[in-house]
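# Reading the structure
The primary structure of each chain is shown beneath.
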Amino acid sequence: QVQLVESGGDLVQPGGSLRLSCAASGRIFRINAMTWYRQAPGNQREQRELVANITSRGWANYADSVKGRFTISGDNAKSTVYLQMNSLKPEDTGVYYCNAEVHTQQNPFVPYHYWGQGTQVTVSS
């Protein structure tokens, strides 16, 4: 029904920058919020940590570990969210997953959460 596709992950040196994108498609009625999660190497799915979140109104929240370095932004017309990551550190390494809280056209009254497949970010010299 709804697909999320992440892109932009790469190998980068400490201090470098990356920009991740997550595009949502499908029978979308409305997106309430989109969130980036990070799964560090060796961690399980249940241990994914919230990195940044943005609502459809543009309100953003960040994990303390990324405040001042990462910026989340959204394009409602494109159903896309971006994560600009600057001053990257080795501890930022992991698979970054996009999650969207979506009201679908089939069921516009109840929101569901959808996940993308993830994009790998490796910060290493």
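See the structure shown above.
The following paragraphs examine the structure supplied in this document. These numbers come from a predicted model, not from an experiment. (Residues numbered from 1 in each chain as written. Predicted model: local features only at pLDDT ≥ 70, side-chain atom pairs only at ≥ 80, totals over all residues. Heavy atoms only, no water.)

## Comments concerning the state of the cysteines
Put simply, the test is: Any two cysteine sulfur atoms within 2.5 Å of one another count as a disulfide. A run of H or I in DSSP becomes a helix once it reaches four residues, and a run of E becomes a strand once it reaches two; helices and strands are each numbered from the N terminus. Exposure is judged per residue with a 1.4 Å probe applied to protein chains only, and the accessible area is read against the type maximum: over 50% gives exposed, under 20% gives buried, and values in between give partly exposed.
Applying the stated criterion to the full structure yields one disulfide. There is a disulfide in this structure between Cys22 and Cys98, and the S-S distance comes to 2.1 Å. Where Cys22 bonds to Cys98 through sulfur, the torsion about that S-S bond is close to -85°, and the disulfide is left-handed. Note that Cys22 is positioned in strand 3 (residues 18–26) and Cys98 in strand 9 (residues 94–104), a separation of 76 residues in sequence. Residues Cys22 and Cys98 agree in their burial class; the two are buried.

## Details of the side chain of His103
Basically, it comes down to this: Identification of polar contacts relies on pairs of N or O atoms within 3.5 Å, with a donor-acceptor requirement for protein atoms, meaning one able to donate a hydrogen and the other able to accept it, and with residues adjacent in sequence counted only if both atoms are side-chain atoms.
Residue position: His103 is located in strand 9. Of the polar contacts made by the side chain of His103, one reaches the backbone oxygen of Pro108; its length is 2.9 Å.

## Regarding the environment of Arg48
Applicable threshold: The contact criterion used throughout is that any non-hydrogen atoms of two residues lie within 4.5 Å.
Within the secondary structure layout, Arg48 lies in the loop between strand 4 (28–39) and strand 5 (49–55). Taking the relative accessible area as the measure of exposure, Arg48 reaches 14% and is therefore buried. Placed 34 residues apart in sequence, Arg48 and Tyr82 show a C-alpha to C-alpha distance of 18 Å. Sequence-distant contacts of Arg48, that is, excluding residues within four places in its chain, are made with Tyr37, Arg38, Gln39, Tyr97 and Trp115. Of the polar contacts made by the side chain of Arg48, one reaches the side chain of Gln39; its length is 2.8 Å.

## Notes on the side chain of Asn32
Within the element layout of this structure, Asn32 appears in strand 4. Within the structure, the side chain of Asn32 is placed 3.0 Å from the side chain of His103, a separation counted as a polar contact. With residues near it in sequence (within four places) discarded, Asn32 still touches Thr55, Ser56, Glu101, His103 and Pro111.

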